[in-house]
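The residues making up each chain are set out below.
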2 protein chains.
Amino acid sequence: MERLSLNQRTTERWTVAEAVDGCVRAGIGWIGLWREPVQSYGVARTARLVAEAGLRVSSLCRGGFITGLPGPGRDAALDDNRRAIDEAVALGADCLVMVVGGLPDGSRDLAGARARVADGVAALVPYASQAGVRLALEPMHPLYCADRGVLSTLGQALDLAAPFAPSSVGVVVDTFHVWWDPDVEAAIARSAGRIASFQVCDWITPFPADALLSRGMMGDGHIDFRRLRRLVEAAGYDGPIEVEIFNADLWAADPDEVVALLRRRYAEHVLG
Amino acid sequence: MERLSLNQRTTERWTVAEAVDGCVRAGIGWIGLWREPVQSYGVARTARLVAEAGLRVSSLCRGGFITGLPGPGRDAALDDNRRAIDEAVALGADCLVMVVGGLPDGSRDLAGARARVADGVAALVPYASQAGVRLALEPMHPLYCADRGVLSTLGQALDLAAPFAPSSVGVVVDTFHVWWDPDVEAAIARSAGRIASFQVCDWITPFPADALLSRGMMGDGHIDFRRLRRLVEAAGYDGPIEVEIFNADLWAADPDEVVALLRRRYAEHVLG
């Protein structure tokens, strides 16, 4: 259990303080934080709270959204990423998760959007490296290619990371996003030294009506977690395993019960 | 317009006879048929109707669903594919589209399911070749990996097709399924001689509540159709371009108006 991390969005109803307390009550030593609730509570205040509780921050979500065309909007997005890097420093987060963004409004130029992601990462790396923050590129399920993340496979994320030091630019392996990929085994092997975060949640069917809340508790769906965990471990990853689930039914449930359930399911399906 | 084909599911409300009449009225020379409505109308009767109307059948949907574990269920699935091959012969269809199937109930063994697809194709090829029917392997959007098609990329479909003659086993390039793929350009180039069907429909956002009815009219979404059409043409494909859209709003509309709209959108967004 010492590698288990609660991503705070899994217990959406909890404030930062409640999530920290919930982790302590449940004996969970890691937490994954999101910028918006952290900003609401205060970045420095969150950092103190987490440290006093003896928790470590497995990731901060999220930077990214850097597919915009050159201009003031893109400049603002890059500035916002620099603020996210500052927040990651303040929180002592292991990495800043980068959700790169979808196609700009009205654009069908996917290759162009992907090229701008590469440019944006290159623009942010000096600032992040200077700050000692690792950018964690998150390939997203192709379901989200149009509106959330044009980075669709782990192989593509690795190609994007390749020009930079592994300590500066890593990748996220999220089971929900990569489980279907026929090349996932080779891509995870290639990720050695680059895995900044390993996140788990299940792919459930029938596919929920809200595509953004389509993730399931481990064991409720179709993913072979043990296989993916062994692959990332074979690639040398021994860091936290973060449970990040966006699901309307779980968000409606008592968060303490959700945490108790995810501990059991983690033991059964991820460690197994 | 001579390459335009109406897949009959685009005008779901029409019977086979109405769809054939609708194509004739709209000056469309090709039709894509589905087994269930064809069986309702009668296979031989459909074949006569289509021939008398001067139409050609661009594809028959669908064979496949061959991921089951060995046993009577799998044997029945293979037998059903042989009947589908017979129907494709009777209809003079250019190809039989193969939707390979998802994970068996309760199984998380994706690699095993994929291996059984390869076995199933190998089992069907002799019968199909003898009958002169080309099996068209359809890679499906990873969204459908769990419950509909474990064949997730065009590259994977090509690997599966490779042991067989291109005249026996081809691939379907459906814009909805492949548009997001970072390797699509290379995969389409590799498809030379293997492209059995080119299907078009758009990826729309926000993602509709019913994942099976999530396809959009060309121009309503994010896909660059011209780019994909040029890629398949550069790979030597000059056959029909089939419009296949599952969408609740279009199904509720007057089918003649849907056909008029798709002709305009085809001219503007696909030919362009």
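Residues numbered from 1 in each chain as written. Chains lettered and ligands numbered in written order. Predicted model: local features only at pLDDT ≥ 70, side-chain atom pairs only at ≥ 80, totals over all residues. Heavy atoms only, no water.

**Q** Any chance you could explain the packing of aromatic side chains here in plain terms?
**A** In this description, an aromatic ring pair is defined by two values, namely the gap between the centres and the angle between the planes. Inspection of the entire model under this criterion finds 14 aromatic pairs over all chains. Centre to centre, the rings of F207 of chain A and F207 of chain B are 5.9 Å apart; their planes meet at 75°, and the pair counts as edge-to-face. One end of the pair, F207 of chain A, is in the loop between β8 (202-203) and β9 (215-216); the other, F207 of chain B, is in the loop between β8 (202-203) and β9 (215-216), on a second chain. For the residue pair F207 of chain A and F207 of chain B, the accessibility class agrees, reading buried in each case. (Phe/Tyr/Trp six-rings, centres within 6.5 Å; stacked < 30°, edge-to-face > 60°. Helix = DSSP H or I, 4+ residues; strand = E, 2+ residues; numbered from the N terminus. Buried < 20%, exposed > 50% of the residue type's maximum accessible area, 1.4 Å probe, protein only.)

**Q** Sorry, what's going on with the pattern of salt bridges here?
**A** Working definition: two side chains of opposite charge can pair if their charged atoms are close together. All names here are of chain B. Under the counting rule described, the total for this entry stands at 26 salt bridges over all chains. One salt bridge connects R3 with E233, and the closest N-O pair in it is separated by 2.7 Å. Separated by 230 residues along the polypeptide, R3 in the segment before β1 (4-7) and E233 in helix α9 (residues 225-234) bring together distant segments of the chain. Judged by its relative accessible area of 18%, R3 falls in the buried class. (Salt bridge = Lys/Arg side-chain N within 4 Å of Asp/Glu carboxyl O.)

**Q** Mind showing me how you'd approach the packing of helix α4 (residues 72-91) of chain B against helix α5 (residues 110-131) of chain B here?
**A** Between two packed helices, what matters for the description is the angle formed by their axes and the separation of those axes. Residue and element names in this part refer to chain B. Contact geometry of α4 with α5 gives a least axis separation of 10 Å together with a crossing angle of 35°. Every pair of crossing elements has a handedness; the one defined by α4 and α5 is right-handed. Residues R74, L78, N81, R82, I85, D86 and V89 of α4 form the contact with α5, whose own contacting residues are R116, D119, G120, A123, L124, Y127, A128 and A131. (Axes fitted to C-alpha atoms, helices over the stretch in contact; angles between N-to-C directions. Left-handed = near helix turned anticlockwise from the far one by under 90°. Contact = heavy atoms within 4.5 Å.)

**Q** How should I be thinking about the pairing of strand β4 (residues 96-99) of chain B in this particular structure?
**A** Consecutive side chains of a regular strand alternate in pointing toward one face of the sheet and then the other. Residues and elements named next belong to chain B. Along β4, one buried face is formed by L96 and M98 and the opposite face, lined by V97 and V99, is buried too. With four bridges joining them, strand β3 (residues 56-64) and β4 adopt parallel strand pairing. Residue pairing across strands places G63 opposite M98, the latter belonging to β4. In this view, the connection linking β3 to its parallel neighbour β4 by way of α4 has right-handed handedness. (Pairing = 2+ DSSP bridges. Right-handed = clockwise from strand over helix to strand, strands pointing away.)

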